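What follows is the residue order along each chain.
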Amino acid sequence: MRDNSGIGRRRFFTTAAALGGAAAVGGTLTGQAAAAGRGTAAGQGAAAGQETVAAKLAPVTVTPADAQYGELVHGMNNRYVGSPESVQLVDDVSQVAGVVQAAVTAGKRLTVRSGGHCLEDFVFNPEVQVVLDLSQLNKVYYDTKRRAFAVETGAQLLDVYTLLYQVYGVTVPGGICYSVAAGGHVSGGGWGLLCRQLGLIIDYLCAVEVVVVGADGKVRTIVATDEPDDPHRELWWAHAGGGGGNFGVVTRYWFRTPGATGNDPAKLLPKPPREVYLVAQAWPWESMTEAKFSRLVQNYARWFTAHSDPGAPELALASFLVLTHRSNGQIAMVTQVDATVPQARRLLDDYLAAIGDGVDVPTGAVTRGFAEFGPMAAYAEPRKLRWLEATRYLGTTNTNLTDPTYRQEYKSAYMRAAFPDRQLAALYKNLTSTDAALPGASITLSSYGGEVNRVAPSATGYPHRESFFKMMWMSLWNDPAEDAAYIAWNRRCYAQVYADTGGVPVPNGVTDGCYVNYPDNDLNDPKFNTSSTPWYSLYYKDNYPRLQQVKKKYDPKDFFRHAQSVRLP
């Protein structure tokens, strides 16, 4: 859902002077010092000797001769392992431009890693000679000069949430997976359980810092903002959902609620719910007929297509339904509701009843792993949790992020309507196939719409503002010998579900293209995409020509590229 940390573990540091007037509150502070620093220059803690400032390192070069090299040449998907000449690690934004310039001057192919969650081979492939690793570029702080929260691109999402909430009582509506880094997550638009209530994380993006390469081969660093008179506003627009690895190296983002005034950090981003209800329920596959399965899936689709208007009270509820392969044993659904809204428990109960209506299969505890999550037996009945506790729990009960042997394959689709009968039949056929046991194969339906759809499709680089839920084909397995079976299942299922539109979810009245943060190189291949809709239109729809103009202006040499990067016009 790409989307074990705590404030004390990460390097949220730096003094106000080092940040050029930014107020820095970090994990190296005691709780009292952090509280004292809220909304101030945070130098209060430093003056009292309570802040530890780590020394800034020069870029570190790691080569195949170094023991740690193997740790740095792959991401979460172990199907892709690189063999670059070097990995360059930086821990300060000022170091990035020099690494990029050296690669440009030497004619080296460079790619960028922030959190390592890219699902395709965009970062680690045989053509890459230099990997710029931003994982240590992970500071999070309040910037008094910009009246916004700065998040460096290597910062992991759970660390971002923890710092923002524990110190300031605010958040950004980002993804679930704890170790996804801000870099690629934000640039692709993001998704999370709060998006129906608060919109996407990019809807709070007010500025972005990008290292770009000009036509003359000179490297420069640009800060692009959402201000109407900013000459670089189009670069900001492109990074608000226009995909990662397309225009330059993002070193940091700044976030603030649009239209927010004043200088109190606690009022410049939205507040999450104080408490939420969390419930995880399962339906046993052994009791499922095709009619019951279709009723369950259609109930989900119809509920979200009917309850996703901006401002609707039902936006307090978010849910994802995981349709596992029958060999897994259980279909599972996780639901979270803002417990502070009026009649929150009634909303939850009515929703669960609506999803189960006519299915006639009793629900039980989720006792098996499903998709990327582990068992959640303790949540068979709704439990009320503090918001950050629930966020930490969902973020870390994720075997995909903790098992270093997983191999993966993904596909995606946005949905604007309930399922046609033929699509339901194709889903059931493939999820109950008996040619191979595939317990790691699944399709996740994730709630969407609401405040996401309040924003016009052309207002940001992210165009999918008319959908009500999205789908993720996910296969996870450990043994390379199973590659062929899992990849073939993903391809076959996807092609059959969208057989009427050339094997892909072309934008129309039912489907709305694909999610760029679940990249799928098959979309480029005419063997798998037989439609007249190219991959870039599935990701970016009508925004693609505008993204190409940004590419032409800020990356005219096409230095930053991968298999699905924005092409020069």
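The structure this text deals with has already been given above.
Residues numbered from 1 in each chain as written. Predicted model: local features only at pLDDT ≥ 70, side-chain atom pairs only at ≥ 80, totals over all residues. Heavy atoms only, no water.

## A word on empty space enclosed by the protein
Alright, step 1. If you add up the space inside the largest cavity, you get close to 720 Å³.
Alright, step 2. If you trace the largest cavity, you find 40 residues lining it, with C118, G184, S187, G244 and G245 closest to the centre.
Alright, step 3. Listed by contribution, the elements that provide at least two residues to the lining of the largest cavity are β3 (110-113), α5 (182-187), β9 (249-255) and α14 (535-540).
Alright, step 4. Of the volumes computed, that of the second largest cavity is approximately 150 Å³.
Alright, step 5. Lining the second largest cavity are 14 residues, and of these G174, G175, L193, W387 and T391 sit closest to its centre. (1 Å grid on protein atoms, 1.4 Å probe; cavity = no way out; pocket = protein on both sides within 12 Å on 5 of 7 lines; lining within 4 Å. Points joined across faces, edges and corners; volume = space filled by probe spheres on them. Helix = DSSP H or I, 4+ residues; strand = E, 2+ residues; numbered from the N terminus.)

## A short note on the sheet that holds β9
Alright, step 1. Strand order in the open sheet formed by 5 strands is β5-β6-β9-β7-β8, and the pairing between neighbours is antiparallel. Strand pairing shows two members of the sheet lacking a second neighbour, β5 (140-143) and β8 (219-225), which therefore form its edges. Direction aside, neighbouring strands of the sheet carry axes that sit 20 degrees apart on average.
Alright, step 2. In the sheet, β5 pairs with strand β6 (residues 148-152) via 4 bridges, with the strands oriented antiparallel. Counterpart to Y142 in the pairing with β6 is F149. (Pairing = 2+ DSSP bridges. Axes fitted to C-alpha atoms, helices over the stretch in contact; angles between N-to-C directions.)

## Observations regarding the packing of helix α12 (residues 421-431) against helix α13 (residues 483-497)
Alright, step 1. Look at α12 against α13: their axes get within 8 Å of each other, and the N-to-C directions meet at 160 degrees. What the angle tells us is that α12 and α13 run roughly antiparallel. For the pair α12 and α13, the sense of crossing is right-handed. Of the residues in α13, those in contact with R422, Q423, A426, L427, K429, N430 and L431 of α12 are W489, R492, C493, Q496 and V497.
Alright, step 2. In terms of residue class, the contact of α12 with α13 is made up of 6 nonpolar, 3 polar and 3 charged. (Parallel < 35°, antiparallel > 145°, perpendicular 65-115°, else oblique. Left-handed = near helix turned anticlockwise from the far one by under 90°. Contact = heavy atoms within 4.5 Å. Nonpolar A, V, L, I, M, F, W, Y, C, P; charged D, E, K, R; others polar.)

## A few points about the nonpolar core
Nonpolar side chains in soluble globular proteins generally cluster together in the buried interior.
Alright, step 1. Formed by 148 residues in total, the largest nonpolar core has its most connected members in M471 and W473.
Alright, step 2. Looking at which element gives the most residues to this core, the answer is helix α4 (residues 157-168), with 8 residues.
Alright, step 3. In terms of nonpolar packing, the next biggest core, distinct from the first, is built from 18 residues, V93, V96, V99 and L132 among them. (Core = buried A, V, L, I, M, F, W, Y, C linked by side-chain atoms within 4.5 Å. Buried < 20%, exposed > 50% of the residue type's maximum accessible area, 1.4 Å probe, protein only.)

## With respect to the sheet that holds strand β10 (residues 275-284)
What holds strands together in a sheet is hydrogen bonding between their backbones, with the strands either parallel or antiparallel.
Alright, step 1. Read across the sheet, 7 strands follow the order β13-β10-β12-β11-β15-β16-β14 without closing on themselves; strand pairing throughout is antiparallel. Strand pairing shows two members of the sheet lacking a second neighbour, β13 (383-386) and β14 (407-415), which therefore form its edges. Adjacent strand axes in the sheet meet at a mean angle of 20 degrees when their direction is disregarded.
Alright, step 2. The pairing of strand β11 (residues 317-324) with strand β12 (residues 330-338) spans 6 bridges and is classified as antiparallel. Along β12, the bridge assignment pairs S319 with T335.
Alright, step 3. Each of β10, β11, β12, β15 (441-447) and β16 (469-477) touches helix α8 (residues 290-306); the most contacted strand, β11, lies at about 155 degrees to it.
Alright, step 4. Packed on one face of the sheet, helix α10 (residues 387-396) meets β10, β12 and β13 and runs near 100 degrees to β13.

## Thoughts on the packing of aromatic side chains
Alright, step 1. Summed over all chains, the structure comprises 33 aromatic pairs.
Alright, step 2. Ring centres of F293 and Y428 lie 5.5 Å apart, and the angle between their planes is 55 degrees; on these two criteria the pair is classed as tilted. Taken together, the residues span a long stretch of sequence, with F293 in helix α8 and Y428 in helix α12 at a distance of 135 residues. A single burial state applies to F293 and to Y428, both of which are buried.
Alright, step 3. A ring pair is formed by W535 and Y539, whose centres lie 6.2 Å apart and whose planes are at 70 degrees; its orientation type is edge-to-face. Of this pair, W535 and Y539 both sit in helix α14, 4 residues apart, which is roughly one turn of that helix. Of the two residues, W535 and Y539, both sit in the buried class. (Phe/Tyr/Trp six-rings, centres within 6.5 Å; stacked < 30°, edge-to-face > 60°.)

## Focus on the side chain of H562
Alright, step 1. Along the chain, H562 turns up in the segment after α15 (544-554).
Alright, step 2. H562 sits in the buried class, given a relative accessible area of 12%.
Alright, step 3. In this structure the side chain of H562 is engaged in a polar contact, spanning 3.0 Å, whose partner is the backbone nitrogen of Q564.
Alright, step 4. For H562, the residues in contact, after removing those within four places along its chain, are R109, F122, G244, G245, N246 and R567. (Polar contact = N/O pair within 3.5 Å; in protein donor to acceptor, adjacent residues only side chain to side chain.)

In short, the description is geometric, and any link to function would need to be established separately.
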